[in-house]
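# Close look at the chain arrangement
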Amino acid sequence: MTGTIFDIKKFAVHDGPGIRTTVFFKGCPLRCSWCHNPESINPAIVDVPKAQKVGNSSFVQMETVGKEMTADELMHEILSDRVFMEESGGGVTFSGGEPFLQYGFLLEMVNRCRSEGVHTVVDTSAFTETENLMKIAVLTDLLLVDLKVMDDVLHKKYTGVSNERILYNIQVISENKIPFRIRIPVIPGVSFTDSNIMAAIDFLATLPEKPVGIDLLPFHNTGNHKYERFGLKNVFRDVPSLQSTDLEELKNPFNEAGFDVHVGG
Ligand code: SF4
């Protein structure tokens, strides 16, 4: 079996415990206006122009984004970092894009990692079939689940899809006692509003099993150049990046509600 991967990041320290190898699957059913990996959205392998500068000359070269990998090839890549994973309590994180868009390949990789004793994390928008989500959830060590915007009209406006299935899936994960962390992208004027934060806390507080932690992810516009390169509309182009210090106060209501909250991934 093969999968389409757009990047593999070694020595990642923000995608789960310890030192990790993060595998970015290509393709995502959402269209988040703030996505800082817009090259991950299209499931196809594409050639895109890349500007190069040598001295005073600039020229444009085509670059292929994404590559097809077999499960054997990817497993070989993952196991090459095994010593760092074992020393640090790390492992592999399957991210994206949306890894559930390549469900069969994800299932195979999670199963193989499990039989090799490699700790696995799956980072997902939870916008997927509940049955598939649960099949992976019981095999993996930890889920990282996005909670973007609570108001469904705003969710559709800024991500292109309803949050109904996402909220339902979080409920099911919790009912089944699957270990999960919630990740909230903190987007000025969208999710970074009093009403959204209070609605998120109310929702999380009613879950039967609480997330093991909450990560507040500050908006940053470091992906602006990618939007130009991929010819995508960039709604947040002129919105300044948030710093971690901007979110210190935002931790308070989560702490008061009894959650273990952290700023950053
Ligand atoms: S779910 Fe993630 S990868 Fe997909 S569009 Fe949103 S931010 Fe980008």
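Data block above holds the structure.
So, a few notes on the structure that sits alongside this text. (Residues numbered from 1 in each chain as written. Predicted model: local features only at pLDDT ≥ 70, side-chain atom pairs only at ≥ 80, totals over all residues. Heavy atoms only, no water.)

### Description of the overall build of the protein chain
Formally: Helix and strand definitions here come from DSSP, where helices need a minimum of 4 consecutive H or I residues and strands a minimum of 2 consecutive E residues; each element is numbered from the N-terminal end. Computation of the radius of gyration draws on C-alpha atoms alone. For the globule rule, the value is 2.2 Å times the number of residues to the power 0.38. Think of it in three bands: residues with accessible area under 20% of the maximum for their type are buried, residues over 50% are exposed, and the middle band is partly exposed, with areas taken using a 1.4 Å probe on protein chains only. The contact rule is simple, with two residues in contact once any of their heavy atoms fall within 4.5 Å. Exposure was quantified through the Shrake-Rupley algorithm and a 1.4 Å probe, taking into account, for residues, occlusion by the shown protein chains and nothing else. The sign given to each residue is positive for Lys and Arg and negative for Asp and Glu; His and the chain ends receive no count. Where a charge sits is defined by one atom per residue type, namely NZ (Lys), CZ (Arg), CG (Asp) or CD (Glu).
Along its length, the protein chain carries 9 helices and 11 strands. Compactness check: the protein chain gives a C-alpha radius of gyration of 19 Å against a globular reference of 18 Å for 265 residues, within 12% of the reference. Buried residues in the protein chain amount to 50% of all 265 residues. Excluding contacts between residues fewer than 6 apart, the proportion of contacts in the protein chain whose partners are at least 24 apart in sequence is 68%. When the accessible surface of the protein chain is summed, it comes to about 12600 Å², and 51% of that surface belongs to carbon and sulfur atoms. Each charge class in the protein chain was averaged separately, 25 positive and 35 negative side chains, and the resulting centres sit 4 Å apart.

### Some words on the site of the ligand
Quick reminder of the rule: Nearness of a residue to a molecule or strand requires only that one of the residue's heavy atoms be within 4 Å of it. A pocket here means an open set of points on a 1 Å grid, computed over the protein atoms alone, that has protein on both sides within 12 Å along at least five of seven lines. A cavity is instead a set of points where a 1.4 Å probe fits but cannot get out; residues with an atom within 4 Å of a point line either one. A molecule is said to be in a cavity or pocket once over half of its atoms fall within 2 Å of that pocket's grid points. Residues are grouped as follows: Ala, Val, Leu, Ile, Met, Phe, Trp, Tyr, Cys and Pro are nonpolar; Asp, Glu, Lys and Arg are charged; all remaining types, including Gly, are polar.
Every residue lining the ligand is accounted for by Cys28, Leu30, Cys32, Cys35, Ser40, Ile41, Gly97 and Lys148. More than half of the atoms of the ligand fall within 2 Å of the grid points belonging to the largest pocket. Taken together, the residues of the shell around the ligand break down into 5 nonpolar, 2 polar and 1 charged.

### Things to note about the environment of isoleucine 201
Structurally, the position occupied by isoleucine 201 is in helix H7 (residues 194–205). Since its relative accessible area comes to 5%, isoleucine 201 is described here as buried. The spacing of isoleucine 201 and phenylalanine 254 is 53 residues in sequence and 6.7 Å in space, taken between C-alpha atoms. Setting aside residues no more than four positions away along its own chain, isoleucine 201 makes contact with Pro253, Phe254, Ala257 and Phe259.

### Considering the side chain of glutamate 98
Rule in force here: By convention in these notes, a salt bridge is any Lys or Arg side-chain nitrogen within 4 Å of a carboxyl oxygen on Asp or Glu. A 3.5 Å cut-off defines polar contacts: any pair of N or O atoms within that distance qualifies, except that in protein one atom must be a possible hydrogen donor and the other a possible acceptor, and neighbouring residues in sequence count only when both atoms are side-chain atoms.
Its location among the elements puts glutamate 98 in the loop between strand E6 (91–95) and helix H3 (103–116). Of the side chains with opposite charge, lysine 148 lies nearest to the buried glutamate 98, which makes no salt bridge, at 7.6 Å. A distance of 2.7 Å separates a polar atom in the side chain of glutamate 98 from the backbone nitrogen of serine 125. Once you skip the residues sitting within four places of it in the chain, glutamate 98 turns out to touch Phe25, Gly27, Cys28, Pro29, Thr124, Ser125 and Ala126.

### Brief notes about the packing of helix H4 (residues 130–137) against helix H6 (residues 164–175)
In plain terms, the rule: For every element, the axis is a line fit to its C-alpha atoms; helices are fit only across the contacting stretch, and the angle between N-to-C directions ranges from 0 to 180 degrees. Handedness of a crossing follows from how the near helix is turned relative to the far one, being left-handed for an anticlockwise turn of less than a right angle and right-handed for a clockwise one.
At a minimum axis separation of 11 Å, H4 and H6 run at an interaxial angle of 35°. Crossing geometry of H4 relative to H6 is assigned as right-handed. Across the interface between the two elements, Thr130, Leu133 and Met134 of H4 pack against Tyr168, Asn169, Val172 and Ile173 of H6. Residue composition of the contact of H4 with H6, grouped by class: 5 nonpolar, 2 polar and no charged.

### Here we look at the packing of helix H1 (residues 71–79) against H3
What counts, and what does not: Every angle not falling under 35 degrees, over 145, or within 65 to 115 is termed oblique; those three ranges are roughly parallel, roughly antiparallel and roughly perpendicular.
Running from N to C, H1 and H3 point in directions that differ by 45°, and their axes come no closer than 11 Å. As the angle between them shows, H1 and H3 are arranged oblique. Crossing angle aside, the handedness with which H1 passes H3 is right-handed. Of H3, the residues touching H1 (which contributes Ala71, Asp72, Leu74, Met75, Ile78 and Leu79) are Phe105, Glu108, Met109, Arg112, Cys113 and Glu116. Taken together, the residues that form the contact of H1 with H3 break down as 8 nonpolar, no polar and 4 charged.

### Brief notes about the pairing of strand E8 (residues 142–146)
What counts is decided by this rule: Here the rule is simple: two strands pair whenever DSSP picks up at least two bridges between them.
Most of E8 is tucked away: 5 of the 5 residues are buried. Alternating positions in E8 separate into two faces, Leu142, Leu144 and Asp146 on one and Leu143 and Val145 on the other, with burial throughout. In the sheet, strand E7 (residues 120–124) pairs with E8 via 4 bridges, with the strands oriented parallel. Residue valine 122 lies in a different strand from E8, and its bridge partner there is leucine 143. Bridge analysis of E8 against strand E9 (residues 180–186) gives 4 bridges, and the strand direction is parallel. Each bridged residue has a counterpart across the sheet, and for valine 145 the counterpart in E9 is isoleucine 182.

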